[in-house]
Amino acid sequence: MGEDPMTESNEISRRTFLSRGAAVGGAAVLGVGGATALAGCSNSSTASNQPPVTSGSSPGVGKGAPRQGGSATVGTLAEIDGFYPPLNHWDTNGFLYANTVYDPLMAIAADGSIQPYLAQSLTPNATYDVWTMKLRPGVTFHDGSALTSTVVKSNFAALLASPLTKVPVEEITSVDTPDSLTVVYNLSGPRPTFPSGLTTQVGYVVAQAMIDATNSGQTPNPIGTGPFVYSQWQPNNFFTATKNPHYWRGGYPYLDQITYKPIPDGTQRAATLQSGGVDLILTTDPSIMSQFATNSAYQMVDNLKGDLIEPTVAFIMLNCAASPTSDLGIRQALAKSMDRAQILKIFGSNYTKPASGLFLPGSPYYSETSYPAYDLAGAKALVKQYKAQHGTPALQLSTIPDPRDVQLVQVIQQMWNQAGFDVSIKTVEQATIITDFITGQFEAVTSYQFGAIDPNLNYVWFSTTTVAPLGKIGLNFARNSDPQLEAAMRIGRSTTSLAQRIKAWQAVNERLAVDLPYLWLEQFPIALVGDQRIQNFAALQLPDGGKGYGFDEGVFFPSQVWMA
Amino acid sequence: MGSYLIKRFAQLVVVTFVISILVFLLVHLLPGNPASVILGANDTPHNQAVLFKQLGLNKPLVEQYTTWITSALHGNLGESYLDHESVGHIIATGYPIDLELIVISQIIAFAVAIPLALVTSRRPNRPLDNVSTTGTFGLLALPPFVIAPILVAIFAVALGWFPATGFTPITQSLGSNLRDMILPSIALTFGSIAVYYRLLRSDLISTLQQDFITMARAKGLSSTRIMWRHAFRPSSFSLFAAAGVNIGALIAGTFIVEYLFALNGLGFSLVNAVNQRDYLVVQGITLVVAVAYVILQFIVDFLFTVVDPRVVRG
């Protein structure tokens, strides 16, 4: 939540793990389908490869006829650790690079359905445990080799062999390739939303030559089917890619070249945009968003104006297995003593939206819950009750050594102490805090998580099946073991009725408001800010002609960007 | 002098060896481990064990150190756990940026501090001297991370004279390179200006009270000649000693400047490597920086023996 030196990159690193975990992990726990998603996946209509003339009046949507040629430079939050899906950790920046040199098998449509992208169609059997994918014919990788079912199978084998990506794909028991353009995924059980997993890191396809080179111990340059061809990468300095003249989507990309420059300091990144050093920047700082939102010389698109399904939210996570936060009364007192309006006033620059659950107003999944309102007197009463039996409740509030996060927890510490708690603050280094999450070595800790196109992708974080004793590995970090919540999620995973799925997830949201493993703060903000020359950075036309989800928490498709 | 230098060189070798052990141990004492970073949500004991074996982190520390230092002595510092880039390549790419930053910032510092000290020391406690002394106090209080955004706001955003971030290699375009490096160098130089000015001014005031200066004045030599020829040299020992130490400190100072200006120098790489527990990169960069610092001090000591032979006797 900050822009001080070392700040924003830390934030995004942390988010990286969480969002990656959610997104990739989600592929393993696909549980719910939806009529919308399924209908979309079955679409095997002929690809409309001719770029349309776009005309938009919204920020980030191109104005006038697209122009071929030119180059664009994008200022990013941080550098990635590599291009290879089975081994590297992709965050917002990683997916930007991936959309530059690769294509995903499936993509998210503007209406939230999952649509074919590099795939031509993806259809399930009657029981949703066998999915058949048809690949688009005539697609070639940058090295001239063809996209075939064998290459897709080989990608799957590489994903399965990697400790990083094994979990997301291990429920795929086998992959068959009956012909050169057909891939059959055999799953261990019914997975109605299997396609949504293929929009994540495990759904990007690389060339066989890249897999072979990696397997022989090399670190090859990326070879994909994407709109741009890798040109040069100096980690932490820049990544440049040039137009793929043989791109399978005729007419795309518009740009001759695109360059990404990691600029970790947010203020400097904004200054670089203002001084013309880059054409487009990513930012997660509400104060910078607030500054550009009212400046007509720039176009800004942020996730605060409406996430498709489930936004990334900031919250304080409480350990339901460790004393004193294992006591529900204590968790209620902590929630009631947090004046969220005041917190957002200080840290949100009056720009971010408060969150009171997994979904925000406007989402079909949103519903009012019984999440406690600010009630200091009520909090004091609960603490008094606890004190009578156990003495003053003392707890540690952890955060990363980020100046703004530290300020945030200091404010919360004061609020909790006012209610009668004895709160100490602990700062934990970025890499360590993630291990602490997994092993439950915390009492209360700041966190950001849960952004997903499909709520079922978050199953693993809330499930009773992933709760582990303290000190043991458990993906239910908060260790909230609620059978009612589990039952609701299982309904959500198994139903193909959208109405039932929504109802199930509203029940999950309500259970979280009752159990209070998470004290909600705000929607985690992320924005793209461009000058007036760069066009269409938040719009996407899918291969089959439909509208794509052009701005997914900072990630866009560079193939359709042009310079005015 | 020969035995003195041999003794100093032997000390250098011992110090470097000790540094290599400390660097290795300190990095391994950091909380967290690279496997957690690499594995993320899949950080299970089994996966950790597999990865530790792959990375050689399951071996005893002594064996890990021996393997590392032997390879380092053969010029192989290993490769990044995360992106498999060779540490030697990371250092080779990064060090010219640090070197250039330090050189330009020191040129600016000397170019400002020396003339200013020469002028103000002639008339101490006059308005110019008072303003300069107070001003340098202010400069000392302004760290690079405060100065950098101010410089960017004025010279990059408002005036558009220099870029806010970025780096063009000198081999690509000298003009663009200098344009890119001016603001980071200025951000880095303020502290040096203050230190050099105050040291030199103080020594010059003391020197100007010496008999040989009075004699020079009696001979009718011009003030400029007296200042440059007679007063500056004996007053410059503290200045150059401080410069030697300060340049070492600047290696650390460049880290924050590189972060702010998105310059892919050693500091930038080191900070990223620390955050990601990329041990070999941290060890490699720290070792190279430490050795460079020790060698620099050796050179400074050597130059002192040339300038002032009393150092050897002392």
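Not measured: the values here are computed from a predicted model. (Residues numbered from 1 in each chain as written. Chains lettered and ligands numbered in written order. Predicted model: local features only at pLDDT ≥ 70, side-chain atom pairs only at ≥ 80, totals over all residues. Heavy atoms only, no water.)

**Digging into the overall build of chain A**
The number of helices and strands found in chain A is 17 helices and 20 strands. The burial tally for chain A puts 64% of its 564 residues in the buried class. A sequence separation of at least 24 residues applies to 75% of the contacts in chain A between residues at least 6 apart. Accessible area for chain A stands at about 17800 Å²; split by element, carbon and sulfur atoms hold 52% of it. (Helix = DSSP H or I, 4+ residues; strand = E, 2+ residues; numbered from the N terminus. Buried < 20%, exposed > 50% of the residue type's maximum accessible area, 1.4 Å probe, protein only. Contact = heavy atoms within 4.5 Å. Areas by Shrake-Rupley, 256 points an atom, 1.4 Å probe, with all protein chains shown as cover.)

**Thoughts on the pattern of salt bridges**
Here the idea is simple: oppositely charged side chains can pair when their charged atoms come close. Residue and element names in this part refer to chain A. All chains considered together, the criterion is met by seven salt bridges over all chains. Here Arg511 makes a salt bridge to Asp482, at a shortest N to O gap of 2.8 Å. Taken together, the residues span a long stretch of sequence, with Arg511 in helix α17 (residues 498–515) and Asp482 in the loop between α15 (459–462) and α16 (483–494) at a distance of 29 residues. For Arg511, a relative accessible area of 18% gives the class buried. (Salt bridge = Lys/Arg side-chain N within 4 Å of Asp/Glu carboxyl O.)

**Considering the packing of helix α5 (residues 87–122) of chain B against helix α10 (residues 223–235) of chain B**
Residues and elements named next belong to chain B. Running from amino to carboxyl end, α5 crosses α10 at an angle of 110°, the nearest separation of the two axes being 11 Å. With respect to α10, the axis of α5 lies roughly perpendicular. The crossing of α5 and α10 is right-handed. Of the residues in α10, those in contact with Ile114, Leu118, Ser121 and Arg122 of α5 are Ser223, Met227, Trp228 and Phe232. (Axes fitted to C-alpha atoms, helices over the stretch in contact; angles between N-to-C directions. Parallel < 35°, antiparallel > 145°, perpendicular 65-115°, else oblique. Left-handed = near helix turned anticlockwise from the far one by under 90°.)

**Notes on the pairing of strand β11 (residues 280–283) of chain A**
One face of the sheet, then the other: side chains in a regular strand alternate in exactly this way. All names here are of chain A. Across the two faces of β11 the burial is the same, with Leu280 and Leu282 and Ile281 and Thr283 all buried. Sheet analysis places strand β1 (residues 71–76) next to β11, joined by two bridges and oriented parallel. Across the sheet, the residue bridging to Gly75 is Ile281, located in β11. One ladder, built from four bridges, connects β11 with strand β18 (residues 527–531); its direction is antiparallel. Bridging from a neighbouring strand, Leu282 pairs with Leu528 of β18. (Pairing = 2+ DSSP bridges.)

**Comments concerning unusual backbone geometry**
Residue and element names in this part refer to chain A. Of note, the amide linkage connecting Tyr252 to Pro253 takes the cis form, showing an omega dihedral of -5°. Along the chain, Pro253 turns up in the loop between β9 (238–243) and β10 (257–262). A positive phi angle, near 70°, is found at Asn236, a position not held by glycine. For Asn236, the location among the structural elements is in the loop between β8 (228–234) and β9. Residues other than glycine seldom take positive phi values, yet Leu516 does so here, at roughly 55°. Along the polypeptide, Leu516 turns up in the loop between α17 and β17 (518–523). Assessed through its relative accessible area of 1%, Leu516 is described here as buried.

**Considerations on the nonpolar core**
One finds Phe83, Tyr102, Leu105, Met133, Tyr185, Phe239 and Phe537 of chain A to be the most contacted residues of the largest nonpolar core, which totals 83 residues. By size, the runner-up hydrophobic cluster in this structure holds 72 residues, among which are Trp68, Phe255, Phe261 and Ala290 of chain B. (Core = buried A, V, L, I, M, F, W, Y, C linked by side-chain atoms within 4.5 Å.)

**Description of the sheet that holds strand β14 (residues 394–399) of chain A**
Strands in a sheet are paired, the pairing made by backbone hydrogen bonds, and the direction either parallel or antiparallel. All names here are of chain A. The strand order across the open sheet formed by five strands is β15-β14-β16-β13-β17, and the pairing between neighbours is mixed. Of all the strands in the sheet, just β15 (422–427) and β17 have a single pairing partner and so form its edges. Sheet twist, expressed as the average angle between the axes of neighbouring strands with direction ignored, equals 30°. Relative to β15, β14 runs parallel, the two being bridged by six bridges. Across the sheet, the residue bridging to Ala394 is Asp422, located in β15. Strands β13 (313–318), β14 and β17 of the sheet are contacted by helix α10 (residues 328–336), whose axis makes an angle of about 25° with β17. With respect to the sheet, helix α13 (residues 403–418) is in contact with β13, β14, β15, β16 (444–449) and β17, its orientation differing from that of β15 by roughly 170°.

**Side note on the environment of Leu135 of chain A**
Residues and elements named next belong to chain A. If you trace the backbone, Leu135 turns up in strand β5 (residues 130–135). Given the relative accessible area of 2%, Leu135 is considered buried. Along the primary structure Leu135 and Leu181 are separated by 46 residues, whereas in three dimensions their C-alpha atoms are 5.0 Å apart. If we skip the residues at most four places from it in the chain, Leu135 touches Leu105, Leu118, Ala119, Gln120, Leu147, Thr148, Ser149, Val152, Ser180, Leu181 and Val183.

**Thoughts on a positive patch on the surface**
There is a patch of like positive charges on the surface, built from Arg122, Arg123, Arg126 and Arg217 of chain B. Residue placement: Arg126 of chain B occurs in the loop between α5 and α6 (127–140). (Patch = residues over 30% accessible without salt bridge, like charges linked within 9 Å, V, L, I, M, F, W, Y side chains within 5 Å. Lys, Arg positive; Asp, Glu negative; His and termini not counted. Charge placed at Lys NZ, Arg CZ, Asp CG, Glu CD.)

**Some points on a nonpolar patch on the surface**
Residue and element names in this part refer to chain B. On the surface, Val14, Phe17, Val18, Leu22, Leu25, Leu26, Leu29 and Leu61 cluster together to form a nonpolar patch covering roughly 760 Å² of accessible area. Sorting elements by how many residues they give to the nonpolar patch places helix α1 (residues 2–29) first, with seven residues. Along the chain, the position of Leu61 falls in helix α4 (residues 61–73).

**What to know about the confidence of the model for chain B**
Across chain B, the average pLDDT comes to 84, with 93% of residues at or above 70. Scored as a whole, the predicted complex attains pTM 0.78, and scored at its interfaces, ipTM 0.71. (pLDDT = per-residue confidence, 0-100.)

**A word on the sheet that holds strand β4 (residues 119–124) of chain A**
Residue and element names in this part refer to chain A. Across the sheet, which stays open at both edges, the four strands sit in the order β4-β5-β7-β6 with antiparallel pairing between neighbours. Two strands in the sheet have a free side with no partner beyond their single neighbour: β4 and β6 (172–179). Taken over all neighbouring pairs, the strand axes of this sheet differ in orientation by 20° on average, direction set aside. Pairing geometry for β6 and strand β7 (residues 182–187), over five bridges, is antiparallel. The residue bridging Ser174 from the neighbouring strand is Asn186, located in β7.

**Remarks on the packing of aromatic side chains**
Applying the stated criterion across every chain yields a total of 45 aromatic pairs over all chains. Measuring from centroid to centroid gives 5.7 Å for Phe83 of chain A and Tyr97 of chain A, while their planes differ by 25°, and the two rings are stacked. Pair noted here: Phe83 of chain A is in the loop between β1 and α3 (92–101) and Tyr97 of chain A is in helix α3, with a separation of 14 residues, a long-range link. No difference in accessibility class separates Phe83 of chain A from Tyr97 of chain A, as the two residues are buried. Judged by centre distance (6.2 Å) and plane angle (70°), the rings of Phe9 of chain B and Phe298 of chain B are edge-to-face. (Phe/Tyr/Trp six-rings, centres within 6.5 Å; stacked < 30°, edge-to-face > 60°.)

**A closer look at the domain arrangement of chain B**
Residues and elements named next belong to chain B. Domain boundaries assigned for chain B yield domain 1 (1–82 + 279–287 + 309–314) and domain 2 (93–275). Placing the centre of domain 1 and that of domain 2 at their C-alpha centroids yields a distance of 33 Å. Every contact between the two is made by four residues of domain 1 and, on the other side, five residues of domain 2. Taken together, the two surfaces of domain 1 and domain 2 that pack against each other cover about 470 Å², and 85% of this comes from carbon and sulfur. The tally of links from domain 1 across to domain 2 stands at zero salt bridges. Our enumeration of links across domain 1 and domain 2 arrives at zero residue pairs in polar contact (both at pLDDT 80 or more). (Domains from an automatic or database assignment. Buried area = accessible area lost by both parts, 1.4 Å probe. Polar contact = N/O pair within 3.5 Å; in protein donor to acceptor, adjacent residues only side chain to side chain.)

**Considerations on α17 of chain A**
Residues and elements named next belong to chain A. The end-to-end C-alpha distance of α17 is 25 Å, a good match for the 26 Å that 18 residues give at a rise of 1.5 Å each. Among the residues of α17, those classed as buried are Arg501, Ile502, Ala504, Trp505, Val508, Asn509, Arg511, Leu512, Ala513 and Asp515. Residues of α17 that are buried sit in contact with α10, α15, α16 and β17. Once α17 finishes, Leu516 follows within two positions and takes phi at roughly 55°, a positive value. (Expected span 1.5 Å × (residues − 1).)

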